[in-house]
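Architecture and fold: a report
Here is how the chains run, residue by residue.
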Amino acid sequence: NQLISLFLREYLAHAGVILCDMKTAVVERADLLEQYFLSSAKEEEDQLKAFHHTFWRNGILLVIPAGLQVTDAFGFHIGGSELSILDRTLVILEKGSKAAIHVHEQSQVIGGSLKICARETKVVVEEGAELKYQLLEEWSGASYQLSEHQLQLKKKSKGHALFSWLGESSGRIGVRGVLEEEGGHLEHDGILLSGAKQQLKIVSSLHHQAAQTSGRM
């Protein structure tokens, strides 16, 4: 079974913030999913991304509307005890917005079986927006990871990101920063690993696709 815990303050809902599980988003905001997720399905970079496109089950959609400056940190929790967890999460900061986001993903192995956790996260920071993003994945029992996390920064946008993985696991994790337009800046503050028996291949990369972009990983 999978548990997704979401809480959105009333004033943020009135301000136009969208926060829902991905099954709801497929019905109510298919336009956003097609624009940011499905449009790239024909341009797969490797088999792992193709796997995510094909087999995902649920996840989170979060949209911060243009110009909104959010002072409270967003937090949401994704947990589960199935033999496979196949999530896709999409976070969009629209033009000129600002927010801090904390994501806690947790898994629990039932009956000593090996769990497959395949999670894809795509974060899009539009023109002039600013984001602080923190991800914590916590594993209980042995699991095999096939996770991809991508941050895309547009014109004159700024991002800070920190990733943490706790518990026993093996597999592959990708962290990719993409500076798509002029003036984008990304600070990748680090990758933290804690726990015994971790055998992970972590691929971290930063791609400058436009002039006058800057970043640190």
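Residues numbered from 1 in each chain as written. Predicted model: local features only at pLDDT ≥ 70, side-chain atom pairs only at ≥ 80, totals over all residues. Heavy atoms only, no water.

Some details on the overall build of the chain
- Along the chain, the regular secondary structure elements total 4 helices and 14 strands.
- Going through the 217 residues of the chain one by one, you find that 46% of them count as buried.
- At a minimum sequence separation of 6, the contacts of the chain that also span at least 24 residues come to 86%.
- Accessible surface, the chain as shown: approximately 10300 Å² in total, 50% of it carbon and sulfur. (Helix = DSSP H or I, 4+ residues; strand = E, 2+ residues; numbered from the N terminus. Buried < 20%, exposed > 50% of the residue type's maximum accessible area, 1.4 Å probe, protein only. Contact = heavy atoms within 4.5 Å. Areas by Shrake-Rupley, 256 points an atom, 1.4 Å probe, with all protein chains shown as cover.)

What to know about the side chain of Glu187
- Take Glu187: it is sitting in strand 12 (residues 185-194).
- Since its relative accessible area comes to 16%, Glu187 is described here as buried.
- Reaching out from Glu187, the side chain makes a polar contact with the side chain of His185 at a distance of 2.8 Å.
- If near-sequence neighbours (up to four positions away) are discounted, Glu187 is found in contact with Gly159, His160, Ala161 and Arg216. (Polar contact = N/O pair within 3.5 Å; in protein donor to acceptor, adjacent residues only side chain to side chain.)

So, empty space enclosed by the protein
- Applying the stated criterion across every chain, the model contains 1 cavity of 30 Å³ or more.
- Computed from the structure, the largest cavity encloses a volume of approximately 30 Å³.
- Lining of the largest cavity is provided by Leu151, Ala161, Phe163, Val175, Arg176, Gly177, Leu186, His188 and Met217.
- Elements with a contribution of two residues or more to the lining of the largest cavity: strand 10 (158-166), strand 11 (169-179) and strand 12.
- Considering only residue class, the lining of the largest cavity consists of 6 nonpolar, 2 polar and 1 charged. (1 Å grid on protein atoms, 1.4 Å probe; cavity = no way out; pocket = protein on both sides within 12 Å on 5 of 7 lines; lining within 4 Å. Points joined across faces, edges and corners; volume = space filled by probe spheres on them. Nonpolar A, V, L, I, M, F, W, Y, C, P; charged D, E, K, R; others polar.)

Describing unusual backbone geometry
- For Lys156, which is not glycine, the phi dihedral falls at a positive 55°.
- As for its position among the elements, Lys156 is in the loop between strand 9 (143-153) and strand 10.
- Even without glycine at this site, Gln212 takes up a positive phi of about 55°.
- Relative to the elements of secondary structure, Gln212 occurs in the loop between strand 13 (198-208) and strand 14 (214-216).
- What makes Gln212 exposed here is its relative accessible area of 63%.

Section: the layout of surface pockets
- Put simply, the second largest pocket is a space of about 180 Å³.
- Contributing to the lining of the second largest pocket are Val70, Thr71, Lys98, Ala99, Ala100, Glu130, Leu131, Lys132, Lys158, Gly159, His160 and His185.
- Listing elements by their share of the lining of the second largest pocket, those giving two or more residues are strand 6 (98-108), strand 8 (130-140) and strand 10.
- Tallied by class, the residues present in the lining of the second largest pocket amount to 4 nonpolar, 4 polar and 4 charged.

Overview of the side chain of Thr121
- Within the secondary structure, Thr121 is located in strand 7 (residues 115-125).
- Those residues in contact with Thr121 that sit more than four places away from it in its chain are Thr89, Glu105, Tyr133, Glu148, His149 and Gln150.

Observations regarding the packing of aromatic side chains
- Counted according to the given criterion, the structure contains 2 aromatic pairs.
- Considering the side-chain rings of Phe163 and Trp165, the 6.0 Å spacing of their centres and the 10° angle between planes classify their relative orientation as stacked.
- Three or more aromatic residues joined by ring pairs form one cluster here, namely Tyr133, Phe163 and Trp165. (Phe/Tyr/Trp six-rings, centres within 6.5 Å; stacked < 30°, edge-to-face > 60°.)

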